[in-house]
Each structure stands twice: as C-alpha cells, then as structure tokens.
Amino acid sequence: MIRARGLTKTFSRRKETVEAVKGIDVDVAEGELVAFLGPNGAGKSTTLRMLTSLLEPTAGEATVAGYDVVTHPAQVRARLGFIGQGNGGGFSYKVVDELHNQGRFYGLTPQVYKERAADLMAALELGSLEKRSVQSLSGGQRRRLDVALGLMNHPPLLFLDEPTTGLDPHSRANLWGHITAMRERYGMTVVLTTHYLDEADSMAERVVVIDHGEIIADAAPHALKRRYADDTLTLVVATDDGAAVRAALPDGLGDVDLTAHDAGLQVRVGTAQGADTLPAVIEALRVAGIPTTSASARQASLDDVFLNLTGRSLREEAAA
Ligand SMILES: Nc1ncnc2c1ncn2[C@@H]1O[C@H](COP(=O)(O)OP(=O)(O)O)[C@@H](O)[C@H]1O
Ligand SMILES: [Mg+2]
C-alpha cells in the first residue's frame, strides 16, 4: 500500500535549513495498522504530508496504492483519507452538514453521501449529535467526527495525524476502538502518528519509531521491547552487604543497581526474561543466606526502548 525510499524533506527559511525528514525507507502492506511514534518535531507530520501528496519531497520517492505521490497526486488522493493534526471542520457547521459537504467535495451523489453520513454517524456514536454545531462538541466527539470525515470517500488507506492528542485516556481508548472497528469494517490500511507511548504499545500492531527525521526502529511493540530493552526486577533484601548480594545473584542478568533501603538494600536488576527470572533470583539469594522481603517485576516499556535507542525519555519530553 505504501512504499517509500529515501524520502527526504528539507525546509529552508531565510538562512536556516531544517532537515525535517532525512531519507526514510518504509513499506506498509495492505491491511496493516501502523503507528509512527516520536517526539514533537521528529518529522511525523512532514512524512504524512509527503505520503498524502500535500508536500513535495526534497528527495527520494514514494508510491501510495501503486501511484507515485509526485507524478500522480490525484490518483493518490482519491485512494486515501487524511485527518490532519488539529480539526478540519468548520466550527459553526452542524455535524451532519460537515459530513454532507465532505461527500460533495468527493463528488458523491446526494443519495450516496447521505447514506454514508448516516452510516458513519451511527458507527462512530455521533448519531445523537448530528444537529449539533462542531464547536459544541467535546474533544473526543470532534475527533470521531474527523474520523468520519476521513472515511466519507471509503478510502482503502486512512492517515491520521495525532488523532488522540489532547484527549483523556478514556477518550483515547474509545477512539482507538472506533478506528480499529472502522478498519475491520472497511478492510482499510491505517497509518497514524502519536507521541503517546502507552497507546502505541497497547494498540499498534507495528510501531515505527521516528526521531530527528529518521526511522530508528520498526517492529511490533513486543519485538521492540525484547530487542531494545530489558525487564526490571526490583527486590528488597534484608542485608547491607552489597558485595554479597552481587556475588549471590545468578549469572546472565543485566546491570545491577543497589540503593539503601529501610529494610536493607533495594536491588534493581535488568533481565531479558522478566518475571520468569524472579523465583530463581530469590532462591539464589536465599541459598546465600540473604532473605528477600519484597519483590516485583516490571516489563520493559516503549519508553525504555526509546531511552535505549536515543538516550532520551520520550515520556519526559512529552510531559515537558
Ligand atoms: N513548513 C515548515 N517550514 C519550516 N520548518 C518546518 C515546516 N514544517 C515542519 N518544520 C520543521 O520540521 C521538523 C519536523 O516537523 P513535524 O514533521 O511537524 O514533526 P512532528 O509532526 O513529528 O512533530 C520540525 O523541526 C519543524 O519545526
Ligand atoms: Mg506533527
């Protein structure tokens, strides 16, 4: 559905040049749901704008649904829905009029666009809101309307740029539910961007991590975590003897971090096998005469992956 090679965008403003996208290669198969994950300024929107033919690449090439984005933009646009960052709707319009207008823009007949609008409003829980003005909608409702607008032409490919940004966790989960339901219903390919690690982790089947205009990793979330980050075991042991703790721990664990704790020492250690390693660690300490008073295992997160790949925490950057 998408094939990009060396896709590059450099912006020049006066004397300043910004290498927004630095030669990315990416393939998306029909039916996939792919999340581009990266901090602000990583180049996510610029990439989407090139793939949707809105922005001409400085270098490289991309085909979407088999058509070159530079030489065949009309064919590309006819096959996709694009929901950009921020809201596309006219604030004073009614929900139903927005959808009908969108249908007219695509050259649909009134019979077809009315049918589709009714269908999408029902599917996206907008039915009771059809006479409401866009400006009166909540953030989550507005984004659902955006999704409906993007689907009026029944595109085989849907792009959504940060669809969940600014929504509370409940609305985000709700929107993802709708996006995946729409994808099943229409058999669409979906490409979306997000800077939320947790939703990329739990919802996306494939995550393309992008930073400073480059793709730095591309795999399923569990594969990324297995490859780039360790799970962490945290134990509290009833001893102050750090050297004895280190000596007692089984081989094959990652870095060991010891800190003072009321009950003795807190031990943090990385492991590829996660919670499965915990009993063996506790047993090894017990054999060495060191009792464990509490223990927990934390699975690696996509933030650990991002941290290990870039040396920066995406969670902290997003919070900042
Ligand atoms: N029209 C533009 N002119 C100049 N710089 C731009 C323009 N659009 C984006 N940029 C810059 O390109 C970089 C990538 O931006 P963007 O693709 O919007 O990132 P993201 O969507 O991941 O937050 C940023 O440094 C941004 O400031
Ligand atoms: Mg963006």
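Within any chain, residue numbers begin from 1 and follow the written order of that chain's sequence. Chain labels run from A onward and ligand labels from 1 onward, assigned in the order the entries are written. Whole-chain, interface and lining totals are the exception, using all residues; otherwise, since this is a predicted model, local features are given only for residues with pLDDT of at least 70 and side-chain atom pairs are given and counted only at 80 or more. As a convention, hydrogens and water are excluded, and side-chain values are obtained from all of the structure's heavy atoms.

The name recorded for the protein chain in an unreviewed UniProt entry is ATP-binding cassette domain-containing protein, from Isoptericola peretonis. In UniProt, the protein chain has this text filed under Subcellular location (unreviewed entry): "Cell membrane". UniProt positions are given in the numbering used here, feature names are shortened, and annotations may be inferred rather than shown by experiment.

**Q** Any chance you could break down the pattern of salt bridges for me, citing the residues and the numbers?
**A** Between Lys or Arg on one side and Asp or Glu on the other, a salt bridge is scored when a side-chain nitrogen of the former is within 4 Å of a carboxyl oxygen of the latter. In total, this model carries 16 salt bridges according to the counting rule given. Among the salt bridges present, the one from Asp 201 reaches Lys 225, with a minimum N-O distance of 2.9 Å. Note that Asp 201 is positioned in helix α7 (residues 197-203) and Lys 225 in helix α8 (residues 221-228), a separation of 24 residues in sequence. Given the relative accessible area of 22%, Asp 201 is considered partly exposed. Across the pair Arg 286 and Glu 283 runs a salt bridge, and its minimum N-O distance is 3.0 Å. Helix and strand assignments come from DSSP, with helices taken as H or I runs of at least 4 residues and strands as E runs of at least 2, each series counted from the N terminus. For every residue, the accessible area obtained with a 1.4 Å probe (protein chains only) is divided by the maximum for its type, and the residue is called buried under 20%, exposed over 50%, and partly exposed between those limits.

**Q** Residues and numbers for the coordination of the magnesium ion (ligand 2), please.
**A** Around the magnesium ion (ligand 2), the protein supplies Ser 45 (OG) and Gln 85 (OE1) as donor atoms, at distances of 2.1 to 2.4 Å. Of the two residues, Ser 45 sits in helix α1 (residues 44-51) while Gln 85 sits in the loop between β6 (80-83) and α3 (95-105), which places them 40 residues apart along the sequence. Atoms of type N, O and S within 2.8 Å of a metal are treated as its donors, and for Na, K and Ca the window is 3.2 Å; water is not considered, so some sites may appear to be missing partners.

**Q** So, the site of ligand 1: which residues are in play, and what are the values?
**A** Around ligand 1 sit Phe 11, Arg 13, Val 18, Ala 20, Pro 39, Asn 40, Gly 41, Ala 42, Gly 43, Lys 44, Ser 45 and Thr 46, and that is every residue in its neighbourhood. Backbone polar atom of Gly 43 to an oxygen atom of ligand 1: 3.0 Å apart, as the coordinates give it. N or O atoms closer than or at 3.5 Å make up a polar contact, with two conditions inside protein: a donor-capable atom paired with an acceptor-capable one, and, for residues adjacent in sequence, both atoms drawn from side chains. Between ligand 1 and the protein, one listed contact pairs an oxygen atom with a backbone N or O atom of Lys 44 at 2.8 Å. Residue burial considers only the protein chains on display, and all accessible areas are found by Shrake-Rupley using a 1.4 Å probe. Contact with the protein chains removes 67% of the 560 Å² of surface that ligand 1 exposes when unbound. Breaking the shell around ligand 1 down by element, the ones donating at least two residues are β1 (2-13), β2 (16-28) and α1. Looking at the shell around ligand 1 element by element, the count peaks at three residues for α1. For the shell around ligand 1, a count of residues per class yields five nonpolar, five polar and two charged. Nearness is judged by heavy atoms alone; a residue qualifies as near a molecule or strand once a single heavy atom is within 4 Å of it. For this scheme, ten residues count as nonpolar: Ala, Val, Leu, Ile, Met, Phe, Trp, Tyr, Cys and Pro. Four count as charged, namely Asp, Glu, Lys and Arg, and the remainder, Gly too, count as polar.

**Q** Summarise the packing of α3 against helix α5 (residues 139-151); cite the residues concerned and give the values.
**A** Taken N-terminus to C-terminus, the directions of α3 and α5 make an angle of 25°; their axes are 9 Å apart at the nearest point. Judged on the interaxial angle alone, α5 and α3 are roughly parallel. Classified by chirality, the crossing of α5 by α3 is right-handed. Contact residues: Val 95, Glu 98, Leu 99 and Gln 102 in α3; Leu 145, Ala 148 and Leu 149 in α5. For the contact of α3 with α5, the per-class residue count stands at five nonpolar, one polar and one charged. To get an axis, fit a line to the C-alpha atoms, keeping to the stretch in contact for a helix; angles then go from 0 to 180 degrees between the N-to-C directions. Throughout, the term roughly parallel applies to angles under 35 degrees, roughly antiparallel to angles over 145, roughly perpendicular to angles from 65 to 115, and oblique to all others. In a left-handed crossing the near helix is turned counterclockwise from the far helix by less than a right angle, and in a right-handed crossing that turn is clockwise. We call two residues contacting when some pair of their heavy atoms lies within 4.5 Å.

**Q** Outline the packing of aromatic side chains, listing residues and values.
**A** Stacked, edge-to-face and tilted are the three classes for Phe, Tyr and Trp ring pairs, Trp counted by its six-membered ring, which pair at centre distances within 6.5 Å; planes under 30 degrees apart are stacked, over 60 edge-to-face, the rest tilted. Counted by the stated rule, this structure contains zero aromatic pairs. Should the NZ of a Lys or the CZ of an Arg lie within 6 Å of a ring centre and within 35 degrees of the ring normal, that charge is described as sitting over the ring. In this structure, Arg 172 packs its charged tip against the face of Tyr 196, placed 3.6 Å from the ring centre.

**Q** So what's going on with the domain arrangement of the protein chain? Which residues, and what values?
**A** What the domain assignment lists for the protein chain is domain 1 (2-225) and domain 2 (230-299). Taken over C-alpha atoms, the centre of domain 1 sits 45 Å from the centre of domain 2. What counts as a domain boundary in this text is fixed by an automatic or database domain assignment.

**Q** Please give an account of the side chain of Asp 304 that cites residues and values.
**A** With respect to the helices and strands, the residue Asp 304 is situated in helix α11 (residues 302-310). At a separation of 2.8 Å, a polar atom in the side chain of Asp 304 contacts the main-chain amide nitrogen of Ser 301. If near-sequence neighbours (up to four positions away) are discounted, Asp 304 is found in contact with Ala 229, Arg 298 and Gln 299.

**Q** Tell me about the environment of Val 236, and please be specific about residues and values.
**A** Counting through the fold element by element, Val 236 comes out in strand β11 (residues 231-237). On the basis of relative accessibility, which here comes to 6%, the residue Val 236 falls in the buried class. Residue contacts for Val 236: discarding those within four places in its chain leaves His 261, Ala 263, Leu 265, Gln 266, Pro 291, Thr 292, Thr 293 and Ser 294.

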